[in-house]
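Working through the structure, step by step
Chain residues, written in single-letter form:
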Amino acid sequence: MSTIKRYAATAIAAALGVSALAACGGTDSGDSAKKGDGAGSKTVTLVSHDSFDVSPAVLKAFTQATGYTVKVLKSGDAGAALNQEILTKGSPRGDVFFGVDNTLLSRALDNGLFQSYEAKGLDRIPADLQLDKGEHRVTPVDTGDICVNYDKKYFADKKLAPPKTLDDLAEPAYKDLLVVEDAATSSPGLGFLLATAGQYGDDGWQGYWQKLKDNGVKVVDGWEQAYNEEFSGSAGGKKAKADRPLVVSYASSPPVEVLYADPRPTEAPTGVATGTCFRQIEFAGLLDGAKNAAGGKALLDFLIGKQFQEDLPLKMFVNPAVKDTKLPEVYAKFGEKADKPLTVDPKKITEKREQWVKSWSSLVKK
Amino acid sequence: MAVPLAFFALFFAYPVVAIVGRGLKSGGSWQFGRIGEVLGDPDIGGVLWFTTWQAVASTALTLLLALPAAYVFARFDFPGKQLLRAVVTVPFVLPTVVVGSAFLAVLGRGGLLDELWGVRLDTSVWAILLAHVFFNYAVVVRTVGGLWSQLDPRQEEAARVLGAGRFAAWRRVTLPALAPSVAAAALMVFLFTFTSFGVVQILGGPSFSTLEVEIYRQTAQFLDLPTAAVLTLVQFAAVGAILALHAWTVRRRESALRLVDPARTARRPRGAGQWALLGGVLATVLVLILLPLAVLIERSFDGPDGYGFRYYRALQSADGGGGTFLVPPLEAVWNSLQYAIVATLIALAVGGLAAAALTRRAGRLVRGFDALLMLPLGVSAVTVGFGFLITLNQPPLDLRTSWILVPLAQALVGVPFVVRTMLPVLRAVDGRLREAAAVLGASPLRAWREVDLPMVRRALLVAAGFAFAVSLGEFGATVFIARPDNPTLPVAVARLLGRAGDLNYGQAMALSTILMVVCAVSLLVLERIRPDRSVSGEF
């Protein structure tokens, strides 16, 4: 035992020595170098996935209003970030977790990850987004639609109408045009699988996928490959001479294509098949064992407050959860509304997810 | 020895054992039954089979393509040789997120092969194999070529004078001297390809999966810790076996060889055959390594209105057309450099002490320790990262939200490189010099400073360069570790690629190019300060 302690002491000494060295060398990787977590109740820590983003000015406004400074920790994609929280349950790294969606919600709730807190302003969020209404363990913050996107130029050149619905995708006119993500590893991939399950039901979705397969659907590992390498409508795809004009992406991808182009085009190069959408709802919650619960509560209020909600669309390219939030012009102009977004009950998702993904894999990937 | 042991115990063994233990233990009792259950699963069996055979095939293909290059680099003098040697090493330290897209540009649709012969290899096993060659080419060129260049050609000539044919002389004289280093290189390539993650994920498509990919899926996506634990154990066993074999071949290589200055063994190629060989090797390097890198660079300049520095300029502003980061992406370069410097210092301290300890002592236990230090190269990053999360969560060691965790994880991967570079040089230092210093009254520290340090300084620099480059490109562990909002270069590239839009894609390419250049420059500096008698450094 004592040897272990000695080793530990040596290692700590080594680590500290290195930190000191680093400080001498001018290496300062942010404020955390000086403060451990929980160093004071003036810092509130938000744990999220890699896609989390917010304008610095908005965070500053929060600090001015409440006195709390926000520290953001990003750790991998949505699934990995949530799983890390589950592993560290009871001694969490932060106070608030943002980014659990309806496909993962039950996993988070079943593991007792969150404390109950009813955020101020919840009444301005539509009831159908409040999936944990009774207990308020999570607060809906935004929604996003996973939809098939199409390359406008391709369909204009071919004088072919772009597909609108899931049924259309199985039509011979769209043979060999669609690329989708692996439902086992990618969240848009899973979303699209759930869209088909929502549409055709437990008994029907496999038959539908068999049709898609016969119609030449291509499966790749993740969104990056599908969108940047295979989809002919994206900036990356054009450079890669991609040849698939249909891809599973987001309803907000067209405005992103406009916003991140220089000069900005007057029309988005891509469109959305509005009848193919699966609705994702993203939640935030106060972590069980949070060191700064008061700060965490203030942060949750802030996440559904006006400033943050208005900042969301152009930062994370999702829709604000709060009703009647003013949308930025470029987002409103180039974004498209899903006709009737499909959804599946979170409990059912948890129950069936693994089984669906397994049978999907053996059906489509082989 | 205490410091490196403590470092490994605390930052490697403990987290890994804890996460595996968490998986295998349920309700307080061990679930060894799970092992059989998981291994009996036909899907897992398929993964195991694919992992093994693709590693064997990748290793064979790498040897086939890289051994001629090892010979050419060792024996021939040609203009640009040093630059080329640095460039072929660049892929080895590049993160796979960057390379995947470049590689698809050559092998995929509309790529060079497609345009010339209509051959498309994306999402085929060939893409995986060739990418593995791309990544590991340098391992063979450097390990085998390094030794080859120091073998005295006169020994072979002597054999020929004595009447042996050209082939017989080579087989009898050069081959036996070379064989252990070929074996060592092959085993390293096998190790890297056996635990391949990014290449298989990006180029293989969803129908191929290695053990490492499966561990990632089970841990990060499904949170199926029992299955992940069993797979980790399987990978451990396999990697352990590879490392044991590797340690054995290294020991065999340390038999006395008469080594000479590489500058004396290389000369300009003579005759059509040798020129053809040189040409063939250069062509392979061009197509397999330079071309994907060039495509990457080309795309970083290829804006909507012709070539230009548009994307590079965009990197300087926080809101390059909308703002993917809180800080200008270019700051990721600075973050990366800072992390890499700290990681290099840690790796040098730990690896240097370990190498010193390994030099002083001998015996089975010490050799076991030698192999142990290599283990982080073969253990899945997600296992280590998740292990960190559940073990380093108690004060005073609650490092989970500390920036130091990133360099610590990077140093784990850097240490094996430091040890492997330092060890042969340290072993070559004559122990009697130290004794003489001690007799003359020098303290051990003074003896080390006056005797060892001057002799190993250059090796130390080489080791530092490798650790630095590896830390710079490290992606796997870094991405799983909580960190304040200052992304490293590879992480920034991955984030940019994760967004739609022309500007994001272009900036990702520009950042990748910067990463490449930084790697290439540090490797070139390495070439310059290479110890003149570097006794067959391993990498």
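Note that the coordinates shown come from a computational prediction; the quantities given were computed from them, not determined experimentally. (Residues numbered from 1 in each chain as written. Chains lettered and ligands numbered in written order. Predicted model: local features only at pLDDT ≥ 70, side-chain atom pairs only at ≥ 80, totals over all residues. Heavy atoms only, no water.)

**A short note on the overall build of chain A**
Which entries qualify depends on this criterion: Helical segments are the DSSP runs of H or I of at least four residues, strand segments are the runs of E of at least two, and each set is numbered from the N terminus. Burial classes follow relative accessibility: with a 1.4 Å probe on protein chains only, a residue under 20% of its type's maximum area counts as buried, one over 50% as exposed, and anything between as partly exposed. Throughout, a contact is declared for two residues whenever any of their heavy atoms are within 4.5 Å. Note on areas: Shrake-Rupley with a 1.4 Å probe; residue coverage comes only from the protein chains shown.
Summing up its helical and strand segments, chain A has 14 helices and 10 strands in all. When burial is assessed residue by residue, chain A has 59% of its 366 residues classed as buried. Across chain A, the fraction of contacts at a sequence separation of at least 24, relative to all contacts at a separation of at least 6, is 76%. Total accessible area on chain A is roughly 14600 Å²; 52% of this is exposed by carbon and sulfur atoms.

**Describing the overall build of chain B**
Of regular secondary structure, chain B possesses 24 helices and 4 strands. A buried classification covers 61% of the 539 residues belonging to chain B. Considering only contacts in chain B between residues 6 or more positions apart, those separated by 24 or more positions represent 79%.

**Re the nonpolar core**
Rules: By nonpolar core we mean a set of buried residues, namely Ala, Val, Leu, Ile, Met, Phe, Trp, Tyr and Cys, connected to one another through side-chain atoms within 4.5 Å.
Within the largest apolar cluster, 239 residues are counted, with the highest numbers of intra-cluster contacts made by A:Val100, A:Phe114, A:Phe308, B:Phe7, B:Tyr137 and B:Leu511. Sort the elements by how many residues they give to this core and helix α7 (residues 125-148) of chain B lands first, with 16 residues. Discounting residues that sit within four places of it in the chain, B:Phe7 has contacts with B:Phe12, B:Ile346, B:Val350, B:Leu408, B:Ala411 and B:Leu412. A:Ala170, A:Leu190, A:Val219 and A:Val357 belong to the second largest nonpolar core, which has 37 residues in total.

**Thoughts on the layout of surface pockets**
In this approach, a probe sized like a water molecule rolls over the atoms, and the result shows the empty space that is left. Where we set the bar: Cavities and pockets are defined on a 1 Å grid built over the protein atoms alone: a cavity is a set of grid points where a 1.4 Å probe fits but cannot escape, while a pocket is an open set with protein on both sides within 12 Å along at least five of seven lines, and lining residues are those with an atom within 4 Å of any such point. Grid points are joined across faces, edges and corners, and a volume is the space filled by probe spheres set on the points. Nonpolar residues are Ala, Val, Leu, Ile, Met, Phe, Trp, Tyr, Cys and Pro. Charged residues are Asp, Glu, Lys and Arg, and all others, Gly as well, are polar.
When its volume is computed, the second largest pocket comes out at roughly 1100 Å³. Lining the second largest pocket we find 38 residues, and of these A:Lys358, B:Asp43, B:Glu214, B:Gln218 and B:Phe222 sit closest to its centre. For the lining of the second largest pocket, the elements supplying multiple residues, two or more each, are α4 (105-110) and α14 (346-365) of chain A together with α2 (33-40), α3 (42-75) and α11 (211-221) of chain B. In terms of residues, the lining of the second largest pocket owes the most to one element, α14(A), which gives 10 residues. A breakdown of the residues in the lining of the second largest pocket according to their chemical character gives 13 nonpolar, 11 polar and 14 charged.

**A word on the packing of aromatic side chains**
Residues and elements named next belong to chain A. Heads up, the condition is: Aromatic pairs are defined between Phe, Tyr and Trp rings, using the six-membered ring for Trp, whenever the two ring centres lie within 6.5 Å; interplanar angles under 30 degrees are classed as stacked, those over 60 as edge-to-face, and all others as tilted. By definition here, charges over rings are those cases where NZ of Lys or CZ of Arg is within 6 Å of the ring centre and within 35 degrees of the ring normal.
Inspection of the entire model under this criterion finds 29 aromatic pairs over all chains. On the basis of an interplanar angle of 15° and a centroid distance of 6.4 Å, the ring pair of Phe52 and Phe308 is categorised as stacked. Placement of Phe52 in the loop between β1 (43-48) and α2 (56-66) and of Phe308 in helix α12 (residues 306-316) is noted, with a sequence separation of 256 residues between them. Classification of Phe52 as buried rests on a relative accessible area of 3%. Residue Phe308 is classed as buried on the basis of its relative accessible area, which comes to 2%. Lying across the ring of Tyr68, Lys42 places its NZ or CZ 5.0 Å from the centre.

**Some thoughts on the pattern of salt bridges**
Residues and elements named next belong to chain A. The cut-off we apply is this: For salt bridges, the criterion is a side-chain nitrogen of Lys or Arg within 4 Å of an Asp or Glu carboxyl oxygen.
All chains considered together, the criterion is met by 13 salt bridges over all chains. Among the salt bridges present, the one from Arg279 reaches Asp145, with a minimum N-O distance of 2.9 Å. With a gap of 134 residues between them, Arg279 in strand β9 (residues 270-287) and Asp145 in strand β5 (residues 139-151) connect regions that are remote in the sequence. Here Glu267 ties to Lys152 by a salt bridge, and the two come within 3.2 Å at their closest N and O atoms. Within this pair, whereas Glu267 is found in the loop between α10 (253-259) and β9, its partner Lys152 is found in helix α5 (residues 152-157), the two being separated by 115 residues in sequence. Among the charged side chains, a salt-bridge network with shared partners connects Asp132, Glu135 and Arg137.

**A closer look at unusual backbone geometry**
The residue A:Asp176 is not glycine, and still its phi comes out positive at about 60°. Assignment of secondary structure puts A:Asp176 in the loop between α6 (166-169) and β6 (178-181).

**Regarding the confidence of the model for chain B**
Residues and elements named next belong to chain B. To keep it simple, the criterion reads: Confidence per residue, as judged by the predictor, is encoded in pLDDT with a range of 0 to 100.
When the pLDDT values of chain B are averaged, the result is 80; 86% of them are 70 or greater. Mean pLDDT in chain B bottoms out at helix α22 (residues 476-480), which sits at 67, and peaks at α3, which reaches 92. Segment residues 320-326: pLDDT under 50, and 33 contacts once partners within four positions in sequence are set aside and those in other chains are kept. Confidence drops under pLDDT 50 across residues 532-539; counting only partners more than four residues distant or on other chains, this segment forms 28 contacts.

**Notes on the side chain of A:Ser48**
Residues and elements named next belong to chain A. We apply this condition: Any pair of N or O atoms that falls within 3.5 Å is considered a polar contact. Within protein, one atom must be able to donate a hydrogen and the other to accept it, and sequence-neighbouring residues count only if both atoms are side-chain atoms.
Tracing the backbone through its elements, the reader meets Ser48 in strand β1. With relative accessibility at 0%, the residue Ser48 sits in the buried group. Looking at Ser48, its side chain comes within polar contact range of the main-chain oxygen of Phe98, at 3.0 Å. In this view, Ser48 contacts Leu73, Lys74, Ser75, Ala81, Phe97 and Phe98; residues no more than four positions away in its chain are not counted.

**Quick notes on the confidence of the model for chain A**
When pLDDT is averaged along chain A, the result is 86, and 89% of the positions lie at 70 or above. Scored below 50 in pLDDT, residues 1-39 of chain A makes 44 contacts in the model with residues more than four places away or belonging to other chains.

**Observations regarding the pairing of β1(A)**
In regular strands, side chains alternate between the two faces of the sheet. Residue and element names in this part refer to chain A. Counted only if it meets this: Between any two strands, at least two bridges found by DSSP are needed for them to pair. Looking down the strands as they point away from you, a crossover is right-handed if its path from the first strand over the helix to the second goes clockwise.
Most of β1 sits out of view: 5 of its 6 residues are buried. As judged from the 6 bridges shared by β1 and strand β2 (residues 69-74), these two strands associate in the parallel manner. If you follow Val44 over to β2, its bridge partner there is Val70. This β-α-β element, β1 to α2 to β2, shows right-handed connectivity. Examined bridge by bridge, β1 and strand β3 (residues 96-101) share 2 bridges and lie parallel to one another. The partner of Leu46 across the bridge, within β3, is Val96.

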